[in-house]
Amino acid sequence: MTAFHGTWYIVPTPFAEDGSLDTASLARTVELAAAWGADGVTILGVMGEVTSLTDDERERVLATVAKAADGRLPFAAGCSAAATTLVAERIRRAAAHGAAGVMVAAPPLAPDVDGLAPFFARACAGSPVPVIVQDEPNATGVKIPVSALLAMLEAAGSGVVKLEDPPTPPKITKLLAAAPELTVFGGLGGVSAYSELTRGAAGTMTGFAFPEILRAVRQAVEAGDRARAARVFDRYLPYIAFEGQPGIGLAVRKEVLRRRGALTTARTRGAALDAVTVAELDDVLARVGLTPGPDRLEVE
């Protein structure tokens, strides 16, 4: 069984200039994620523009990633939906493609957090692979207190949380105080990665375009060298924050991944970058000393 720990990379869904699915770029991104030192990849999440994908496109993403990741990396697949039957079917399909785990968030705009544990019990019953419970109120509109989140985890038979309810560090402390055995991943582009890791997070699960940086921060924390972890994090924080902007963050990320040779285009099915933002991107990359390219970044 896959050990969920470390630097997991969330792969965006690439599109050609005409908006169609670009499976060649998808496979190449998985291959590069492995070369950059990722411990696993996650697909079909919020940053994978999953709500814009057809059922056929979901299947093609699963098949492409399964083939590209085979022998390189384990992968987890987002399976969230408003109905328990649809979640269960998506879990079944992900497992059939060889997913090492599945990620499930609360149904959108769920009116009663007390109903979340029964939802997860029904949706995840009999899952053949581990379930990652995603706490992402920005995407779901559902604010989940620690007590309800713990009940959801128990109902899903899960010990893994992807925590994206800011501020994340205090919530990590509360979760681990209540259940020290939990595995907690930070997300949100890595904007709080240093504090998340020093509070006990097992790693990060995000699509930040330079996973090597988050990997170096994590490894330094694990080695007990918080000074180095802070130094690395602080050096690149201006770019981490720039990429993490709500609304345009995915477009920024895709543009940088295009420059890194992962994507053929930076096309999204949502916001695009204007000339001023591109100039600001160039500026912040220069300020922190990052030149996007396919080679693995050696973090000093």
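This text follows the structure it describes.
Quick notes on the rules
- Residues numbered from 1 in each chain as written.
- Predicted model: local features only at pLDDT ≥ 70, side-chain atom pairs only at ≥ 80, totals over all residues.
- Heavy atoms only, no water.
- Core = buried A, V, L, I, M, F, W, Y, C linked by side-chain atoms within 4.5 Å.
- Buried < 20%, exposed > 50% of the residue type's maximum accessible area, 1.4 Å probe, protein only.
- Contact = heavy atoms within 4.5 Å.
- 1 Å grid on protein atoms, 1.4 Å probe; cavity = no way out; pocket = protein on both sides within 12 Å on 5 of 7 lines; lining within 4 Å.
- Points joined across faces, edges and corners; volume = space filled by probe spheres on them.
- Helix = DSSP H or I, 4+ residues; strand = E, 2+ residues; numbered from the N terminus.
- Nonpolar A, V, L, I, M, F, W, Y, C, P; charged D, E, K, R; others polar.
- Salt bridge = Lys/Arg side-chain N within 4 Å of Asp/Glu carboxyl O.
- Axes fitted to C-alpha atoms, helices over the stretch in contact; angles between N-to-C directions.
- Parallel < 35°, antiparallel > 145°, perpendicular 65-115°, else oblique.
- Left-handed = near helix turned anticlockwise from the far one by under 90°.
- Pairing = 2+ DSSP bridges.
- Right-handed = clockwise from strand over helix to strand, strands pointing away.

**A closer look at the nonpolar core**
So, point 1. If you look at the biggest cluster of nonpolar residues, it comprises 89 residues, and the most contacted ones within it are Ile43, Val65, Phe75, Leu149, Phe210 and Tyr239.
So, point 2. In contact with Ile43, other than residues within four places in its own chain, are Val11, Val61, Leu62, Val65, Phe75, Ala76, Ala77 and Gly78.

**Section: the layout of surface pockets**
Summary: where empty space remains is shown by rolling a probe the size of a single water molecule over the atoms.
So, point 1. Counted as a void, the largest pocket has a volume near 710 Å³.
So, point 2. Listing elements by their share of the lining of the largest pocket, those giving two or more residues are helix H5 (137-140), strand S8 (203-206) and helix H11 (249-259).
So, point 3. If one sorts the elements of the lining of the largest pocket by residue count, H11 sits on top with four residues.
So, point 4. Residues that form the lining of the largest pocket fall into these classes: 14 nonpolar, 17 polar and seven charged.
So, point 5. The space that makes up the second largest pocket amounts to roughly 420 Å³.
So, point 6. Lining the second largest pocket are 22 residues, and of these Val46, Val50, Thr51, Ser80 and Ala81 sit closest to its centre.
So, point 7. Classifying every residue of the lining of the second largest pocket gives twelve nonpolar, six polar and four charged.

**Concerning H11**
So, point 1. Most of H11 sits inside the fold, with nine of its eleven residues counted as buried.
So, point 2. Turning to H11, its buried residues are Gly249, Leu250, Ala251, Val252, Arg253, Lys254, Glu255, Val256 and Leu257.
So, point 3. Against the buried residues of H11 lie strand S1 (6-10), S8, helix H10 (226-243) and helix H12 (275-288).
So, point 4. Following H11 by one or two positions, Gly261 has its phi on the positive side, about 90°.

**Section: the pattern of salt bridges**
So, point 1. Summed over all chains, the structure comprises 16 salt bridges.
So, point 2. Here Glu49 ties to Lys254 by a salt bridge, and the two come within 2.8 Å at their closest N and O atoms. With Glu49 in the loop between strand S2 (40-43) and helix H2 (55-69) and Lys254 in helix H11, the pair connects residues that are 205 residues apart, well separated along the chain.
So, point 3. Given the relative accessible area of 9%, Glu49 is considered buried.
So, point 4. The salt bridge partner of Asp283 is Arg287, with a shortest N-O separation of 3.1 Å. Remark: Arg287 and Asp283 occur in helix H12; sequence separation between them is four residues, near one turn of the helix.
So, point 5. We classify Asp283 as partly exposed; its relative accessible area is 40%.
So, point 6. Residue Arg287 is classed as exposed on the basis of its relative accessible area of 55%.
So, point 7. Among the charged side chains, a salt-bridge network with shared partners connects Asp135, Lys143, Asp165 and Lys171.

**Describing the packing of helix H3 (residues 84-96) against helix H4 (residues 116-123)**
Packed helix pairs are specified by the crossing angle of their axes together with the interaxial distance, meaning the distance between the axes.
So, point 1. Remark: H3 packs on H4, axes separated minimally by 8 Å, with the N-to-C direction vectors making an angle of 40°. Compared by their axis directions, H3 and H4 come out oblique. Viewed along their axes, H3 and H4 form a crossing whose handedness is right-handed. Touching Thr84, Val87, Ala88 and Ile91 of H3 are Phe119, Arg122 and Ala123, all from H4.

**What about the packing of helix H6 (residues 146-156) against helix H7 (residues 168-178)?**
So, point 1. It is the contact of H6 with H7, at a shortest axis distance of 10 Å, that shows an interaxial angle of 55°. Judged by the angle between their axes, H6 and H7 are oblique. H7 is crossed by H6, and the crossing has right-handed handedness. Only Lys171, Lys174, Leu175 and Ala178 of H7 make contact with H6, whose side of the interface consists of Val146, Leu149 and Leu150.
So, point 2. In the contact of H6 with H7, the residues fall into five nonpolar, no polar and two charged.

**Topic: the pairing of strand S5 (residues 131-135)**
Regular strands place side chains that alternate from one sheet face to the opposite one.
So, point 1. Across the five residues of S5, five count as buried, placing the element largely inside the fold.
So, point 2. The two faces of S5 match: Val131, Val133 and Asp135 on one face and Ile132 and Gln134 on the other face are all buried.
So, point 3. Of the pairings in the sheet, the one linking strand S4 (residues 101-105) to S5 comprises four bridges and is parallel in character. Its bridge partner being in S5, Met103 is matched across the sheet by Ile132.
So, point 4. Where the polypeptide runs from S4 across H4 and back to S5, its parallel neighbour, the crossover connection is right-handed.
So, point 5. Sheet analysis places S5 next to strand S6 (residues 160-163), joined by four bridges and oriented parallel. Note on S6: the bridge partner recorded for Ile132 is Val160.

**Examining the pairing of S8**
So, point 1. Taking every second residue as pointing to the same face, both faces of S8 are buried, with Gly203 and Met205 on one and Thr204 and Thr206 on the other.
So, point 2. The sheet contact formed by S1 and S8 spans four bridges and is parallel. Among the inter-strand pairings, Gly6 is bridged to a residue of S8, identified as Gly203.

None of this, on its own, says anything about what the molecule does.
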